[in-house]
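# Structural description and commentary
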Amino acid sequence: MSTALLQELHQEVRRLYIAGSDLAADDFRLKRLLPQFEQLGERAAVFKRLGEGISALVTSEAAAGQSSAVKLQDLTLLLESVLYTQGSTSPSGSEAVQLQGSAFGLETGVSSRKIAAVRQALTTTGSGRYETVLEAFKDGVFQDLRLLPLAVGALGDPYAELADFAMNKILPSYGPAAADYLAQHFNPAGGKSEVRKLHVIKAVGRPELLEEIYKAACSGSDDVRAAAILCLAGPQEYIQALLEWTADKKKPIREAAYTALAEGGSAEGLERLFEAFAGKKDRELAAYALANYPSAPLGERLSVKFMDELREALAADHKDSKKNEALWNVISPYLIALADIRNPQLDEIYRFIIEHYDRFAALGWLHLLDRAARYQETALSEQGLELLRELDNKSVRYLSYYFRAAQQLLTAKELYNEFAGGSLLDKMKARLAKDAATRNRVLQDTLEEQILNAERVTYQLAWDYAGSRQQYVWEMLSPERIAAEWNPRWLDWAIERDAPELAAALARPGHSGVREYLTAKLNREGKHRKDVDFVSNLFKGLERAGLPEAERQELLISVVEQQRFQNPYMFHFYLLERMLAFPASYVERIEAVLPKYRYESKTQLEYLVSHLRSRQ
Amino acid sequence: MPELTSSYVDSLAPNTAAIKNGQGLVRKKSFIQLHRTENGELLFGQCAGSGKTPYECSVDFIAPENPVFRCSCPSRQFPCKHALGLLYAYVEGQTFTPAPVPEDIAAKREKAEKREENKVKQAAEGSPAKPKKVNKSALKKKITAQLEGLDLLEKLVLSLIRGGLSSIDAKTLKTVQEHVKQLGNYYLSGAQIELRRFALLLGKGEDREHGYTYAVRQLTLLHAFIKKGRSYLTARSEDPELALDHESTIDEWLGHAWQLSELKEYGLTAENAELLQLAFYSYDDKARQEFVDQGYWLDMSAGAVYKTLHYRPYKAAKLLREEDSFYEVAEVPLLYKYPGDMNPRVRYEGMTTRPVTPADLDQVHAHAHRSIAEAVKKVKNQLKNPLSDKEPVLLLHAVSISQTAQGEYLITDEAGGQLVLEDIPALSQGATVLLPFLPPVCLEHCTLLVMFEHDMDRGRLAAQPLGIIHAEGMTRLL
């Protein structure tokens, strides 16, 4: 049977459907086909019928009662039925090779509902996609074969976090097979998603693929080249190429080459990085490379150079602000490159800097001084502490460095004496000092930083029926650690300085005054405070101060009743937890104030009421 | 009481959100009381909710294959998250204190028992199936209306063809949509769906050039339907005693929803069938305005490939249970078969399960078509019928799966016959992209579940693999 002819006829009727069957009368293209059908019709009945259908369609309408549309429909229906029996199933190519199978070893045992959720997340846009994928990965859903193409596709997801998650977690979980596959489907001329593929290949670690990556590093798009160069860190055979790339015209390429050399740590590579410090052009690039992959021997050589250039810079003329800035640009890369390095030469340099505080401060190179202070803070040496004391005497800016260094070297008692103790006379003197207020504030901030936001605690948002959400909050240091690490006199210090939250954290049972102080604060302060945690911190303090629970509950409910919260939207998790421990008899009181609250706090109170009722 | 596992509880849940919410209740410790009866047949408890009083929920395993969920919450989802939570708590190993059966549940059990007794009694008396009285005048009225509706549809279709598809603009589409609505008044819900499908093909944002071929096919389909429907309805209007046509699908096209009792009446049932799910997927059928959960199942003894269809209308989608993949063998006491072609739709009311054994997989291989040529012939025979299912599915045995230099995937049968595997437009998800990732065991001497579709433009009969059954089990590609 002549399938080509039938197919041609189908094209013609399709054309008539599009153009309209009214145009079918005397259609010359159909007419042209008619003789062939008539000829074939002599042998096969179906062609005869098709031929009749065509001629009925092209003869003018007046002859038959039916409209052209019906005739067209009849003809096409018959034609389609015939065509359905003629569909070809044979391949166009001839030589077929047996599929070898892959090493992925993935199964397909995950239920359709779970797959569908991930499929939707990775094929559509909208909110909540990232969470779905995260959850699915945690549940091992991605170990299903059917999600593999989607996981690879996710590397190019427009939502960068999702694409990065696929790069860092999902694809490496498939093992080396993923690297092979990505290398096969790698497009060196591509963009971001190709770069991510390279990162996956590097993370999975397939030395066999390096040759391919080398090619990409030579000829790919700029983004791909930079990423590929990073993958070549290490093996001896590529060091020469990396050295050449440090002289490339393009900055991202040079940057990648320096980073790869620093990571590889070869002698030639380090030499090149050192050379980069000779000029201005690549000094910063080399510095960042070394910040990521520090090298101790190179650090020593650079430290010597650092000292020389620092002395030179100090000796130079600084009157011109532009020149001053240029000098700073020479020095600052050292701070980057040597961030994690510690050696005797550097000890020397940073001491030198602190000893010449006035001159550097005059130049406005505070960053340099800060780094020196930081270096001494982490040095854990008597000498360093002495230098920091000196620095603190010069500027209150370094008080916190000095404090933290002292904290590590002195006992709790010594620390208190050093910063808050001394004789009455000393105290008087300190109070009269010019920068007394600033010193106090800095000291208080330093303490609060360490005591108030010390650890992260997770709370379940139990009242939220929409789903079980969790939330992290920062909590104050535990009472045990406070007792062990902080001198008890700090509590009095905090009350005297009127730092209620600090006092709450440091509160302990048996202290005279702290309960009264905190209760007074609770009654006096209220809506003026900006800090949302304020009231809850005061209640934590009262608990630490050993105020019996019944009293605290009464206090808390009175605060709830008087609506003295600075955050009208939501109660702090800690407070809600305390409220859940209320005696069931409080329920009427809560219900009475419920109408006054709105937003999340209302939901919380409703939850509280139902909780108390269920206990009744 | 069946052995409770978390995957069993998952399978009871109507959707994934319910699973999450049920587990959330356990994690939030919302259950105030947890009890079980001495014999373990009943689990019950109280769960705090947003209402003032806690909800009383229970799961009754008095009939283990058919657990009864009861809860005093107002949720329309069934089973609700509280009943699921109760089961998750049990699975997690929380302590359930023994307690006697609460009064209200005892009463409910008694009532259920009585209902059951009555049913048995009625069945025993042998006079339950009162011959359904057919209201002849109403039926006649309905048929007349349907015939009128067909005329209306024909008029519209012909006018569209005369004007040409290229001239269809937003205004014409609006007229078509109005007709879709009107057809509902003429009891022609089947036609309604197909006309809407036609409108969607030419609708906004669709690639017209691509859609024309399908639109033409849709028009000839409507034409065939009008012709066949008219002659069938005329015959019925002349003889109202005439029964429904239980051999062809014309009643379904006209919008008849078969009831299980009708199917039973016509003898379209099978007893003690064992079904193994070969493929499952869900899709959004915009023409039906429903989500469809579609499964393909092998009848282990008869060898036929059936399909199950669960429709979830958009408006009620939230409340209806989403079906899911099924990995065990379903033992169905009474299977109802709809009139249909190669893959008739089936339904069942109750079933028990058993794990899949290697012998079951042997059965799958045994039921597969050994010759590609014969299978293709069978498929073409079905396709040429204008009102047939245009995407038939069958099992094919393959000696090997290979790839040509042009990138085409091929399967080869024992006689050397070949079939190209490709993705078909009827399915929204491709499967051939997965073929290179398959382990070697899937690629030789295996059985494939294949769906066919004829591609008019290219004159090809395309076949997409839905799953592969091999020596070590089953790999699903959808």
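Residues numbered from 1 in each chain as written. Chains lettered and ligands numbered in written order. Predicted model: local features only at pLDDT ≥ 70, side-chain atom pairs only at ≥ 80, totals over all residues. Heavy atoms only, no water.

The name given to chain B in an unreviewed UniProt entry is SWIM zinc finger, with the source organism recorded as Paenibacillus typhae.

Chain A has the name HEAT repeat in an unreviewed UniProt entry, where Paenibacillus typhae is given as its organism.

UniProt records the feature "domain: SWIM-type" (unreviewed entry) for residues 55-91 of chain B in the present numbering. From the first C-alpha to the last, residues 55-91 of chain B spans 20 Å; its make-up is 30% helix and 27% strand. (UniProt positions renumbered as here; feature names shortened; annotations may be inferred. Helix = DSSP H or I, 4+ residues; strand = E, 2+ residues; numbered from the N terminus.)

Turning to the interface of chain A and chain B, a few remarks are in order. The interface of chain A with chain B comprises 64 residues on the first partner and 86 residues on the second. Summed over both partners, the interface of chain A with chain B comes to about 6,300 Å²; 56% of that surface belongs to carbon and sulfur atoms. Connecting chain A to chain B are 42 residue pairs in polar contact (both at pLDDT 80 or more). Put simply, the parts of the chain that give the side of chain A that touches chain B at least two residues each are helix 1 (3-19), helix 4 (68-84), strand 1 (96-98), helix 5 (112-123), helix 7 (148-153) and helix 35 (599-615) of chain A. Top element by residues in the side of chain A that touches chain B is helix 4 of chain A. It accounts for 12 residues. Its residues assigned to classes, the side of chain A that touches chain B comprises 22 nonpolar, 29 polar and 13 charged. (Contact = heavy atoms within 4.5 Å. Buried area = accessible area lost by both parts, 1.4 Å probe. Polar contact = N/O pair within 3.5 Å; in protein donor to acceptor, adjacent residues only side chain to side chain. Nonpolar A, V, L, I, M, F, W, Y, C, P; charged D, E, K, R; others polar.)

Looking now at a positive patch on the surface. A cluster of basic residues, Lys108, Lys111, Arg115 and Lys119 of chain B, forms a positive patch at the surface. Looking at the element boundaries, Lys119 of chain B is found in helix 4 (residues 103-125). (Patch = residues over 30% accessible without salt bridge, like charges linked within 9 Å, V, L, I, M, F, W, Y side chains within 5 Å. Areas by Shrake-Rupley, 256 points an atom, 1.4 Å probe, with all protein chains shown as cover. Salt bridge = Lys/Arg side-chain N within 4 Å of Asp/Glu carboxyl O. Lys, Arg positive; Asp, Glu negative; His and termini not counted. Charge placed at Lys NZ, Arg CZ, Asp CG, Glu CD.)

The next point concerns helix 18 (residues 321-337) of chain A. Residues spaced three or four apart along an α-helix face the same direction, because each turn holds 3.6 residues. With 17 residues, helix 18 of chain A ought to run about 24 Å at 1.5 Å a step, and its terminal C-alpha atoms sit 25 Å apart, in line with that. Elements in contact with the buried residues of helix 18 of chain A: helix 16 (283-292), helix 17 (296-315), helix 19 (344-355), helix 20 (357-363) and helix 21 (366-377) of chain A. (Expected span 1.5 Å × (residues − 1).)

Quick look at the pattern of salt bridges now. With the rule as written, the count across this model stands at 40 salt bridges over all chains. Notably, a salt bridge pairs Arg113 of chain A with Asp324 of chain B, separated by 3.2 Å at the nearest N-O pair. With Arg113 of chain A in helix 5 and Asp324 of chain B in the loop between strand 8 (305-313) and strand 9 (329-337), this pair bridges two chains. The buried category is assigned to Arg113 of chain A, whose relative accessible area is 7%. The class for Asp324 of chain B is buried, based on a relative accessible area of 14%. Its salt-bridge partner being Arg458 of chain B, residue Asp455 of chain B comes within 2.9 Å of it at the nearest N-O pair. The structure contains a network of salt bridges with shared partners spanning Glu12, Arg15, Asp27 and Arg29 of chain A. (Buried < 20%, exposed > 50% of the residue type's maximum accessible area, 1.4 Å probe, protein only.)

Residues and elements named next belong to chain A. Relative to the assigned elements, Tyr357 resides in helix 20. Accessibility expressed as a relative area gives 10% for Tyr357, which makes it buried. Residues Tyr357 and Leu368 lie 11 residues apart in sequence; the distance between their C-alpha atoms is 10.0 Å. If near-sequence neighbours (up to four positions away) are discounted, Tyr357 is found in contact with Leu369, Leu391, Lys394, Ser395 and Tyr398.

Our next topic: the sheet that holds strand 4 (residues 68-71) of chain B. Residue and element names in this part refer to chain B. Judged by pairing direction, the sheet is mixed, and its 5 strands sit side by side in the order 4-3-2-1-5 without closing on themselves. Each edge of the sheet is formed by a strand with only one pairing partner; in this case those strands are strand 4 and strand 5 (97-98). Two elements, strand 1 (residues 31-36) and strand 2 (residues 42-47), share 5 bridges in a ladder whose sense is antiparallel. Pairing of Leu34 across the sheet is with Gly45, part of strand 2. The strands that helix 3 (residues 81-92) touches are strand 1, strand 2, strand 3 (55-60) and strand 4; relative to strand 3, the one it contacts most, it runs at about 65°. (Pairing = 2+ DSSP bridges. Axes fitted to C-alpha atoms, helices over the stretch in contact; angles between N-to-C directions.)

Attention now goes to the side chain of Ser400 of chain A. Residue and element names in this part refer to chain A. On the secondary structure map, Ser400 appears in helix 23 (residues 399-409). With a relative accessible area of 14%, Ser400 lands in the buried category. Beyond its immediate sequence surroundings of up to four residues, Ser400 is in contact with Val442 and Thr446.

Let us look at empty space enclosed by the protein. All names here are of chain A. Inspection of the entire model under this criterion finds 2 cavities of 30 Å³ or more. Lining the largest cavity are Phe539, Glu549, Arg552, Gln553, Leu556, Tyr574 and Arg578. Residue assignment for the lining of the largest cavity shows that the elements contributing at least two residues are helix 32 (549-562) and helix 33 (573-580). The element contributing the most residues to the lining of the largest cavity is helix 32, with 4 residues. (1 Å grid on protein atoms, 1.4 Å probe; cavity = no way out; pocket = protein on both sides within 12 Å on 5 of 7 lines; lining within 4 Å. Points joined across faces, edges and corners; volume = space filled by probe spheres on them.)

In this structure, the amide linkage connecting Phe78 of chain B to the following residue, Pro79 of chain B, adopts the cis form with an omega of -10°. Along the chain, Pro79 of chain B falls in the loop between strand 4 and helix 3. Not every positive phi belongs to a glycine, and Asp26 of chain A is a case in point at roughly 60°. Its place among the elements puts Asp26 of chain A in the loop between helix 1 and helix 2 (28-41). What makes Asp26 of chain A partly exposed here is its relative accessible area of 47%. One non-glycine residue, Tyr187 of chain B, adopts positive backbone phi at about 55°. Take Tyr187 of chain B: it is sitting in the loop between helix 6 (170-183) and helix 7 (189-201). Accessibility expressed as a relative area gives 46% for Tyr187 of chain B, which makes it partly exposed.

What follows covers the packing of helix 31 (residues 534-544) of chain A against helix 32 of chain A. Residues and elements named next belong to chain A. Direction vectors running N to C along helix 31 and helix 32 enclose 165°, while the axes themselves pass 11 Å from each other. Relative to helix 32, the element helix 31 is oriented roughly antiparallel. Like other packed secondary-structure pairs, helix 31 and helix 32 cross with a definite hand, here right-handed. Counting all contacts with helix 31, which are made through Phe539, Leu542 and Glu543, the residues of helix 32 involved are Arg552, Leu555, Leu556 and Val559. Each residue belonging to the contact of helix 31 with helix 32 can be placed in one class, and the counts come to 5 nonpolar, no polar and 2 charged. (Parallel < 35°, antiparallel > 145°, perpendicular 65-115°, else oblique. Left-handed = near helix turned anticlockwise from the far one by under 90°.)

Once that is clear, we can look at the packing of aromatic side chains. Overall, the coordinates contain 23 aromatic pairs over all chains when judged by the stated rule. Ring geometry for Tyr214 of chain A and Trp245 of chain A: centres 6.1 Å apart, planes at 50°, overall tilted. Within this pair, whereas Tyr214 of chain A is found in helix 11 (residues 210-219), its partner Trp245 of chain A is found in helix 13 (residues 239-245), the two being separated by 31 residues in sequence. Given a relative accessible area of 26%, Tyr214 of chain A falls into the partly exposed group. By relative accessible area, Trp245 of chain A is classed as buried at 9%. Joined through ring pairs, the aromatic side chains of Tyr130, Phe137, Phe142, Tyr159 and Phe165 of chain A make up one cluster. The ring of Tyr311 of chain B carries Arg288 of chain B above its face, with NZ or CZ at 3.9 Å from the centroid. (Phe/Tyr/Trp six-rings, centres within 6.5 Å; stacked < 30°, edge-to-face > 60°. Lys NZ or Arg CZ within 6 Å of the ring centre and 35° of its normal.)

On to the packing of helix 2 (residues 16-27) of chain B against helix 3 of chain B. The axes of two packed helices give the description: the angle between them and the distance between them. Residue and element names in this part refer to chain B. Packing of helix 2 against helix 3 leaves a shortest axis separation of 8 Å and a crossing angle of 60°. By the angle class used here, helix 2 and helix 3 are oblique. Between helix 2 and helix 3 lies a crossing whose hand is right-handed. Two secondary-structure elements touch here, helix 2 through Ala18, Ile19, Asn21, Gly22, Gln23, Leu25 and Val26 and helix 3 through Lys81, His82, Leu84, Gly85, Tyr88, Ala89 and Glu92.

On to a negative patch on the surface, then. On the surface, Asp347, Glu348, Glu355 and Glu390 of chain A cluster together into a patch of negative charge. The leading source of residues in the negative patch is helix 19 of chain A, at 3 residues.

In this structure, the second largest pocket encloses a volume near 1,800 Å³. In terms of lining, the second largest pocket is formed by 48 residues, of which the most central are Ser11, Leu12, Arg321, Phe326 and Met351 of chain B. For the lining of the second largest pocket, the secondary-structure elements that each account for two or more residues are helix 5 of chain A together with helix 1 (6-12), helix 2, strand 6 (269-285), strand 8, strand 10 (346-348) and strand 11 (352-354) of chain B. Top contributing element to the lining of the second largest pocket by residue count: helix 1 of chain B, with 5 residues. Mapping the lining of the second largest pocket onto the domain boundaries places at least three of its residues in each of domain 1 (6-124) and domain 3 (260-361) of chain B. (Domains from an automatic or database assignment.)

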